[in-house]
Amino acid sequence: MAALVARSVSGGTLLGFCVLAGLILGDLSYLSFAVFGLAMLAEYLNALFQLVRWGAAAYLFYLAWQFWFANHQAIEAGKPAQRKELLSAAISGLTITLGNPKTIAFYLALLPLVINLEAISIRTWALMLVPLTVLVLLSVGSMFILAAVRIRHLLSSQRSQRRLFRGAAIIMVAAAAAMLARGSA
């Protein structure tokens, strides 16, 4: 959520929703793994998940470094985002989610309470689970994005931006360190 808020404040609603799209895509990947029994496969591919975790942590460290040393300028509310920024935002959301394979454990714990996973079909997955997951994640993420965009005017000074960005950098470093610490435990 720190990355989602920071990108929304600095780049506006569109960048925020690109981060959110990446987060949702990552969650849908883990939902699919859980639903179709790929959790067992994930255990066999633990090395791949470790690589993803390290890559996501490295990306978070990189983003933290960028936030810490960012050149703070006045926020331009109507400035259109470049395609590269949009792609970067979506990739950051995806790697943040894929860097935390415990999300699959969440789905494995929750889904059996709601659905008989042995009887699930692709149709149920596509027509019920995917839209419901997207709706929930989109609703929660949208509230964060819209709140961040709403307070942009309070963060227009360079001093405010420096505090926000450095705070986000500290949170990202802490998240990356926690991600790596959980992976080694």
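What this report covers is the structure whose coordinates are included nearby. Source: prediction; values computed, not measured. (Residues numbered from 1 in each chain as written. Predicted model: local features only at pLDDT ≥ 70, side-chain atom pairs only at ≥ 80, totals over all residues. Heavy atoms only, no water.)

### Digging into the overall build of the protein chain
The secondary structure content of the protein chain amounts to 8 helices and 0 strands. Residues counted as buried form 35% of the 185 residues belonging to the protein chain. Put simply, 89% of the contacts in the protein chain that link residues at least 6 apart link residues at least 24 apart. (Helix = DSSP H or I, 4+ residues; strand = E, 2+ residues; numbered from the N terminus. Buried < 20%, exposed > 50% of the residue type's maximum accessible area, 1.4 Å probe, protein only. Contact = heavy atoms within 4.5 Å.)

### Describing helix H5 (residues 83-98)
Look at H5: 23 Å from first C-alpha to last across 16 residues, which is about the 22 Å you get at 1.5 Å a residue. Every buried residue of H5 is listed here: Ala89, Ser92, Gly93 and Thr97. Along the axis of H5, the buried positions cluster into a sector of 125 degrees, meaning they face one direction only. Exposed and oriented more than 90 degrees from the buried face of H5 are Arg83, Lys84 and Leu87. (Expected span 1.5 Å × (residues − 1). Arc of directions from axis to C-beta.)

### Description of the nonpolar core
Membership of the largest hydrophobic core comes to 21 residues, with the highest contact counts inside it found for Leu20, Leu31, Val35, Tyr107, Leu111 and Leu129. Looking at this core, the elements that each hand over two or more residues are helix H2 (13-35), helix H6 (102-114) and helix H7 (122-150). Core analysis: the next-biggest nonpolar cluster, separate from the first, contains 16 residues, Leu60, Leu63, Ala168 and Ala169 among them. (Core = buried A, V, L, I, M, F, W, Y, C linked by side-chain atoms within 4.5 Å.)

### Focus: the packing of aromatic side chains
With the rule as written, the count across this model stands at 5 aromatic pairs. Aromatic side chains Tyr30 and Phe33 sit 6.0 Å apart centroid to centroid with 65 degrees between the ring planes, which places their arrangement in the edge-to-face category. Pair noted here: Tyr30 and Phe33 are both in helix H2, with a separation of 3 residues, about one helical turn. Given a relative accessible area of 1%, Tyr30 falls into the buried group. Here Phe67 and Phe165 contribute two aromatic rings whose centre-to-centre distance is 5.1 Å and whose plane-to-plane angle is 80 degrees, an arrangement assigned as edge-to-face. Here the residue Phe67 occupies a position in helix H4 (residues 46-68), and Phe165 occupies one in helix H8 (residues 158-184), the gap between them amounting to 98 residues. When sorted by exposure, Phe67 lands in the same class as Phe165, which is buried. In this structure, Arg166 is placed above the aromatic ring of Trp68, and the distance from its NZ or CZ to the ring centre is 4.5 Å. (Phe/Tyr/Trp six-rings, centres within 6.5 Å; stacked < 30°, edge-to-face > 60°. Lys NZ or Arg CZ within 6 Å of the ring centre and 35° of its normal.)

### Section: the side chain of Ser8
Structurally, Ser8 is set in helix H1 (residues 2-11). The exposure class of Ser8 is buried, given its relative accessible area of 0%. Within the structure, the side chain of Ser8 is placed 2.7 Å from the backbone oxygen of Leu4, a separation counted as a polar contact. Residue contacts for Ser8: discarding those within four places in its chain leaves Thr13, Gly16, Ile145, Ala148, Val149 and Arg152. (Polar contact = N/O pair within 3.5 Å; in protein donor to acceptor, adjacent residues only side chain to side chain.)

### Topic: the environment of Ile24
Mapping Ile24 onto the fold places it in helix H2. Linking Ile24 and Leu94, residues 70 residues apart in sequence, is a C-alpha distance of 7.6 Å. Setting aside its immediate chain neighbours within four residues, Ile24 contacts Val134, Leu137 and Leu138.

### Digging into the side chain of Thr133
Here Thr133 is to be found in helix H7. Polar side-chain contacts of Thr133 include one of 2.8 Å to the backbone oxygen of Leu129. Ignoring sequence-local partners within four residues, the contact set of Thr133 consists of Leu28, Leu31 and Tyr107.

### As for a nonpolar patch on the surface
A cluster of nonpolar side chains, Met1, Leu132, Leu135, Val136, Val140, Met143 and Phe144, forms an exposed patch at the surface whose accessible area comes to about 670 Å². You can see Phe144 is positioned in helix H7. For Phe144, a relative accessible area of 35% translates into the label partly exposed. (Patch = residues over 30% accessible without salt bridge, like charges linked within 9 Å, V, L, I, M, F, W, Y side chains within 5 Å. Areas by Shrake-Rupley, 256 points an atom, 1.4 Å probe, with all protein chains shown as cover. Salt bridge = Lys/Arg side-chain N within 4 Å of Asp/Glu carboxyl O.)

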